[in-house]
Amino acid sequence: MTSSHASIHPLDEALALTAQQPGVFTGRTTQAYWNMVGPFGGITAATLLQAVLQHPDLLGDPLSLTVNFAGAVTEGDFTIRATPSRTNRSTQHWIVTLEQAGPDGQPVVATTATAVTAARRETWSSTDLPMPTAPAPQTCEPASPAFRSEWLQRYEMLPVSGNFPSVWDESIHPSQSQLWVRDVPNRPLDFVALAALSDIFYPRVWLHRAKRVPAGTVSMTTYFHANRAQLEQVGSGYLFAQARGQEFRNGFCDQTAQLWSQDGLMLATSNQIVYYKE
């Protein structure tokens, strides 16, 4: 944090969970990460991962997280159930759900997820997708967002390429975006923050088509390539984030994304399938 005060970071406040029994947690949405009609999808993903990380039977660190946004998360209280469905020697497989009270007061599942955690060991490692050459973040200027949402205030975003179209004229453009990004206020990077950062990109269909249409993530998978010590080395520095779509068809499009540390270490990759409305 940039402040010397002991106030809680907005991310940690949003991720605060209370254990009711092993694997059952309660929490509450916060306005700090509010999107247009509900919480920012990245904060929901991070909250589900937080439940896994706080489970007393946890093995290892996050390897993958798939979140399926089955319905809208509404303002207020929620319950998360995190269950280790199978534990092997080096991997552990999780089923996670987020529930809220429906109109009749009965619990309704709003989000489902699966996760894999793993006990990593040092072995041969390599990359086949190095970080693109990019100007230093200190030389990049922030851009005004093309829409208003509270969660956008929680991140410093410095576009490198592929920012919002200058003219919304339905012309076709490449859908790739590149930017530097970090939490606001500054916060040391960890797995929950990285899970949220994997979802900071605006819909690829907006850039590809130069038209703002209603869109929302249906399912998102994030793969964590860095270990805990490597995330600690990043600290509160910038991440280089890149995303592009590959196919836009019949109301759905995809997004593939990568996040590197400032010194070029691949931290996470992500894939989404996104609904867009005509």
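Being a predicted model, the structure only gives us computed values, none of them experimental.

Draft legend 1. Molecular detail of the environment of Ala118. Structurally, the position occupied by Ala118 is in strand β6 (residues 107–118). It is 9.6 Å that separates the C-alpha atoms of Ala118 and Thr87, two residues lying 31 residues apart in sequence. The contacts of Ala118, once residues within four sequence positions are left out, are Leu59, Gly60, Asp61, Leu63, Ser90 and Thr91.

Draft legend 2. Up close: the layout of surface pockets. In this structure, the largest pocket encloses a volume near 830 Å³. Taken together, 29 residues make up the lining of the largest pocket; nearest its centre are Asn35, Gly41, Ala215, Gly216 and Thr217. Elements represented by at least two residues in the lining of the largest pocket include exactly α2 (41–53), β9 (215–224) and β13 (266–276). Per element, the largest residue contribution to the lining of the largest pocket is four residues, and it comes from β9. Residue composition of the lining of the largest pocket, grouped by class: 19 nonpolar, nine polar and one charged. A volume near 640 Å³ is recorded for the second largest pocket. As for the second largest pocket, its lining consists of 17 residues, and the residues nearest its centre are Arg120, Ser125, Ser126, His225 and Gln230. Grouping the amino acids of the lining of the second largest pocket by side-chain chemistry returns five nonpolar, eight polar and four charged.

Draft legend 3. Seen up close, the pairing of β9. By the bridge criterion, five bridges tie strand β3 (residues 61–68) to β9 in an arrangement that is antiparallel. Bridge pairing in β9 links Ser64 to Tyr223. As paired elements, β9 and β13 share nine bridges and run antiparallel to each other. Opposite Phe224, over in β13, you have Ala268 as the bridge partner.

Draft legend 4. Structural detail: unusual backbone geometry. The amide bond that connects Val184 to the next residue, Pro185, takes the cis arrangement and shows omega of -5°. A positive phi angle, close to 55°, is found at Ala210, a residue other than glycine. With respect to the secondary-structure elements, Ala210 resides in the loop between α4 (204–209) and β9. Non-glycine residue Asn250 carries a positive phi angle of around 55°. Examined against the element boundaries, Asn250 turns out to sit in the loop between β11 (248–249) and β12 (252–261).

Rules used in this analysis
Residues numbered from 1 in each chain as written. Predicted model: local features only at pLDDT ≥ 70, side-chain atom pairs only at ≥ 80, totals over all residues. Heavy atoms only, no water. Helix = DSSP H or I, 4+ residues; strand = E, 2+ residues; numbered from the N terminus. Contact = heavy atoms within 4.5 Å. 1 Å grid on protein atoms, 1.4 Å probe; cavity = no way out; pocket = protein on both sides within 12 Å on 5 of 7 lines; lining within 4 Å. Points joined across faces, edges and corners; volume = space filled by probe spheres on them. Nonpolar A, V, L, I, M, F, W, Y, C, P; charged D, E, K, R; others polar. Pairing = 2+ DSSP bridges.

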